[in-house]
Amino acid sequence: MHMGIAGAGLLGRLLALQLSAEGHRVEVFDPASGPGPRETSGTQAAAWTAAGMLSPVAELDRSNEDVFHLGLRSCALWPGIAQALGVPQVCHFDGSLLLAHRSDAGAAQRLVGLLQAKAGAAYLPQALQAEALAQLEPGIHGPSLAWLLPCEGYIEVHNTLQALHAQGTRQGVLWHWGRTVAAVEPGALVLSNSVRAEFDHVFDVRGVGAKPALPVRGVRGEVFLLHAPGASLRRPVRLMHPRHSVYIVPRPDDCLVVGASEIESEDRSPVSLRSTLELLSAAHSAIPALAEARVVHTETNLRPALPDNLPVLKHSAGLTCINGLYRHGWLLAPALVEQALKELSL
Ligand SMILES: Cc1cc2nc3c(=O)[nH]c(=O)nc-3n(C[C@H](O)[C@H](O)[C@H](O)COP(=O)(O)OP(=O)(O)OC[C@H]3O[C@@H](n4cnc5c(N)ncnc54)[C@H](O)[C@@H]3O)c2cc1C
């Protein structure tokens, strides 16, 4: 079949990969000027800015059982996808850590209780004593409470997005860069120059760009890329904080991502002084060696969210929409793409 995809972000690239692997003729349209990341904050896919945490259990704090099960399924799917892309090293599943300073002990206990109740016995957060934490992550000092979430991990987002594009290209996907889709109709994509491109089936995966077809909104997030050769972090860390979900996630080449604010605004302007102070102070309070890290990049972007903050996957004749992946798109995307293609039984 001849497939049209509006959006070459995370969902668009995964769909292009799977559909072309199944022998379909695939064309993808995106306003981005090319397949790589942009140097400055702007309107690039949220997928480039994401930390890449794969946290089905910890995300239960803000989600429901459907998200949890889709997340577990994606965690099972990612290693096979990475293998097929020729980059098995991008997936890391050594668990993640939840940390709290003594002053936040009450909030941490409440969160752990909630995760235990929602995730079930097989996925219980495991309390760590100081020696066990020091063995896992010698660079962490300060937080007095720690739990290991063994089934969690992270993915290297830039390497994965680039590998998805490269493999899609090898499988014959046609990428149309600099092409905005103004409207998505059953079996057709209407481009901003009013050209109508016809297909057997189309997918609307424009994220925040799907307005007004969907009531999607952007939720601002700010992240910091640090070069920190002394920090030696192996797994993602979440730190309890009164205002933010603070996390620190390893990146290749001795880098770490510190994130992320969550602000109900579609403002894409550069990071604020307040977020800088709060997020980086929190990160430094958990990993003192970050004092000498270098801030090599800051970035803002918008998470695509629907009013209930839950994902949507819906089909009509000739058209499939997937959106609302919010703060856990990397966690959900492979399972949602699998579900969409199963339901379509193409
Ligand atoms: C700061 C931050 C941190 C995050 N951290 C994590 C994390 O740790 N773990 C996790 O699982 N998720 C995380 N996320 C969420 C994740 O990045 C998103 O949920 C995911 O990228 C959504 O995928 P998508 O394909 O729907 O949208 P996107 O990745 O945003 O892609 C949408 C694409 O559509 C294109 N587009 C827009 N308008 C049009 C148009 N009119 N025509 C054609 N194309 C169009 C865009 O250019 C873009 O390429 C984070 C997000 C942010 C912002």
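Now for a quick tour of the structure. What you are looking at is a predicted structure, and each value in this text was computed from that prediction instead of being measured.

Brief notes about the packing of aromatic side chains
By convention here, two paired aromatic rings are described through the distance between centres and the angle between planes.
Logical step 1: For the structure shown, the criterion picks out four aromatic pairs.
Logical step 2: Between Phe68 and Tyr123 the ring centres are 5.5 Å apart and the planes differ by 85°, which places this aromatic pair in the edge-to-face class. Here Phe68 is found in helix α3 (residues 65-85), whereas its partner Tyr123 is found in the loop between α4 (105-119) and β6 (126-128), with 55 residues between them in sequence.

Let's talk about the site of the ligand
Logical step 1: The environment of the ligand is made up of 35 residues, and the closest members are Asp30, Ala46, Val181, Tyr326 and Trp330.
Logical step 2: In this structure, an oxygen atom belonging to the ligand sits 2.9 Å away from a main-chain N or O atom of Met53.
Logical step 3: The separation between a nitrogen atom of the ligand and a polar main-chain atom of Arg327 is 3.2 Å.
Logical step 4: With the chains in place, 94% of the 1000 Å² that the ligand exposes on its own is no longer accessible.
Logical step 5: Breaking the shell around the ligand down by element, the ones donating at least two residues are α1 (10-21), β2 (25-30), α2 (46-49), β14 (217-227), β18 (294-305) and α8 (329-344).

So, the environment of Gly178
Logical step 1: Structurally, Gly178 can be placed in the loop between β9 (174-177) and β10 (181-185).
Logical step 2: Among the residues examined, Gly178 registers a relative accessible area of 47% and is labelled partly exposed.
Logical step 3: The spatial distance from the C-alpha of Gly178 to the C-alpha of Ala32 is 5.3 Å, given a sequence separation of 146 residues.
Logical step 4: Ignoring any residue separated from it by four or fewer positions in sequence, one finds Gly178 in contact with Asp30, Pro31 and Ala32.

What to know about the sheet that holds strand β12 (residues 196-198)
Logical step 1: Spatial strand order, β10-β11-β12: three strands in an open sheet with antiparallel pairing. Because the sheet does not close on itself, it has two edges, and the strands there are β10 and β12. Direction aside, neighbouring strands of the sheet carry axes that sit 20° apart on average.
Logical step 2: Judged from the three bridges that link them, strand β11 (residues 188-191) and β12 form a sheet pairing that is antiparallel. Across the sheet, Val190 pairs through a bridge with Arg196, a residue of β12.

Notes on the pairing of strand β19 (residues 312-316)
Logical step 1: Pairing geometry for β19 and strand β20 (residues 319-323), over five bridges, is antiparallel. Note that in β20 the partner of Val312 across the bridge is Asn323.
Logical step 2: A loop of two residues connects β19 with β20, the two strands running antiparallel in sequence, and Gly318 in this loop sits at a positive phi of about 80°.

What counts and how
- Residues numbered from 1 in each chain as written.
- Predicted model: local features only at pLDDT ≥ 70, side-chain atom pairs only at ≥ 80, totals over all residues.
- Heavy atoms only, no water.
- Phe/Tyr/Trp six-rings, centres within 6.5 Å; stacked < 30°, edge-to-face > 60°.
- Helix = DSSP H or I, 4+ residues; strand = E, 2+ residues; numbered from the N terminus.
- Near = heavy atom within 4 Å.
- Polar contact = N/O pair within 3.5 Å; in protein donor to acceptor, adjacent residues only side chain to side chain.
- Areas by Shrake-Rupley, 256 points an atom, 1.4 Å probe, with all protein chains shown as cover.
- Buried < 20%, exposed > 50% of the residue type's maximum accessible area, 1.4 Å probe, protein only.
- Contact = heavy atoms within 4.5 Å.
- Pairing = 2+ DSSP bridges.
- Axes fitted to C-alpha atoms, helices over the stretch in contact; angles between N-to-C directions.

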